[in-house]
Amino acid sequence: MESEGPEDVDLPADDDALDLDDDGFPVTDGVPLVTTLASVVDGSGTANWAYKNRGTKWEYKQDCTNFVSKALYYGGHMKFRNGGRKADHSWWQEYWLFGTIKNKTYTWSAAENLRRHVTRYRHSTIISKASQAKVGDIIFFKWKKEKVYNHAAVVRANSRGEIHLVQHGIKELTTLSDVIARYKKKKDPIEKILVVRVKDR
């Protein structure tokens, strides 16, 4: 589901995103930007749920963020936040009539909205060094022609300089470098990558 909300949403400052080198791949220097005392969502649980459920049926044409939210909720035990369906501070899903009718917040099912929710209301840590990405971190992608982040995936491993991802996307299991390379020579390459370690309060 594409992000919904006002046209002029505020994106994170450029130094919040993972820096890309001349070839469009993440550089390996930098320091964490945010420190917080909040407890971390269960990253291993998030990644394990995502891995085991990667083949589940898509609920939306673009199901990436819905999938990530389910991983955070069912695997990472991130708690619902009550509020209006369109509000950035709320995050929840409901099913009625034996699952035939679904109702979810914009933050649950759209990448930019989830990005705003976890960075503003979950006191999450933004990672600026690729080598520091951990299992269960969430990666948000912004393409050059898009105004907002429009894809999300879960980190399932970070070994030997390669970040492995699980997602509802073109490939369920992939790597960060593979995703970047897929679009690198196209008219709309990936412009920004944001790695977030979600906190729960």
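So, here's what we can say about the structure. (Residues numbered from 1 in each chain as written. Predicted model: local features only at pLDDT ≥ 70, side-chain atom pairs only at ≥ 80, totals over all residues. Heavy atoms only, no water.)

## Regarding the packing of aromatic side chains
According to the stated counting rule, one finds eleven aromatic pairs in the structure shown. The interplanar angle of 45° and the centroid separation of 5.8 Å between the aromatic rings of Trp49 and Phe67 together place this pair among those described as tilted. With Trp49 in helix H1 (residues 43-52) and Phe67 in helix H2 (residues 64-75), the pair connects residues that are 18 residues apart, well separated along the chain. No difference in accessibility class separates Trp49 from Phe67, as the two residues are buried. Ring pairing ties together the aromatic residues Trp49, Phe67, Tyr73, Tyr74, Phe80, Trp91 and Trp108, which thus form one cluster. Seen from the ring of Tyr51, Arg54 lies directly overhead, with NZ or CZ sitting 4.2 Å from the centre. Across from the ring centre of Tyr60, 5.0 Å away, lies the NZ or CZ of Lys102, which sits over that ring. (Phe/Tyr/Trp six-rings, centres within 6.5 Å; stacked < 30°, edge-to-face > 60°. Helix = DSSP H or I, 4+ residues; strand = E, 2+ residues; numbered from the N terminus. Buried < 20%, exposed > 50% of the residue type's maximum accessible area, 1.4 Å probe, protein only. Lys NZ or Arg CZ within 6 Å of the ring centre and 35° of its normal.)

## Some words on helix H5 (residues 176-184)
What H5 keeps buried is the set Leu176, Val179, Ile180 and Tyr183. For H5, the angular spread of buried residues about the axis comes to 95°, placing them on one side. (Arc of directions from axis to C-beta.)

## What about the environment of Lys147?
Relative to the helices and strands, Lys147 resides in the loop between strand E5 (138-143) and strand E6 (151-159). Using a relative accessible area of 52% as the deciding quantity, one classes Lys147 as exposed. Counting along the chain gives 35 residues from Lys147 to Glu112, while the straight-line C-alpha distance between them is 9.6 Å.

## Some remarks on H1
Looking at H1, one finds that the buried residues are Gly43, Gly45, Thr46, Ala47, Trp49 and Ala50. Where H1 is buried, its residues touch H2, E6 and strand E7 (162-166). Between the side-chain oxygen of the N-cap and the backbone nitrogen of Ser44 there are 3.2 Å, and the N-cap of H1 in question is Asp42. (Contact = heavy atoms within 4.5 Å. Polar contact = N/O pair within 3.5 Å; in protein donor to acceptor, adjacent residues only side chain to side chain.)

## Here we look at the packing of H1 against H2
Look at H1 against H2: their axes get within 8 Å of each other, and the N-to-C directions meet at 125°. Regarding the angle of H1 to H2, the classification is oblique. In this structure, H1 crosses over H2, and the sense of that crossing is right-handed. Together, Gly45, Thr46, Trp49 and Ala50 of H1 and Phe67, Lys70, Ala71, Leu72, Tyr74 and Gly75 of H2 make up the contact between the two elements. (Axes fitted to C-alpha atoms, helices over the stretch in contact; angles between N-to-C directions. Parallel < 35°, antiparallel > 145°, perpendicular 65-115°, else oblique. Left-handed = near helix turned anticlockwise from the far one by under 90°.)

## Re the side chain of Thr107
Looking at where Thr107 falls in the secondary structure, it is placed in helix H3 (residues 106-109). Polar contacts involving the side chain of Thr107 include one to the main-chain carbonyl oxygen of Ser90, which spans 2.4 Å. A polar side-chain atom of Thr107 sits 2.8 Å from a polar atom in the side chain of Thr105.

## What to know about the pattern of salt bridges
Any two side chains of opposite charge can pair if their charged atoms end up close together. For the coordinates displayed, the defined rule picks out nine salt bridges. Ionic pairing is found between Glu59 and Lys104, a salt bridge with its closest N-O pair at 3.2 Å. Taken together, the positions of Glu59 in the loop between H1 and H2 and Lys104 in strand E3 (residues 101-104) put the pair 45 residues apart, joining distant regions of the chain. Assessed through its relative accessible area of 4%, Lys104 is described here as buried. Among the ionic pairs, Arg115 bridges to Glu112, the shortest N-O distance being 2.5 Å. On the criterion of helical spacing, the pair formed by Arg115 and Glu112 is a turn pair, its members being three residues apart in helix H4 (residues 111-121). On the accessibility criterion, Glu112 (0% relative accessible area) is buried. Several salt bridges share partner residues, and in doing so they unite Asp88, Glu112, Arg115, Arg116 and Arg120 into one network. (Salt bridge = Lys/Arg side-chain N within 4 Å of Asp/Glu carboxyl O.)

Function-wise, these values are silent; they only describe arrangement.
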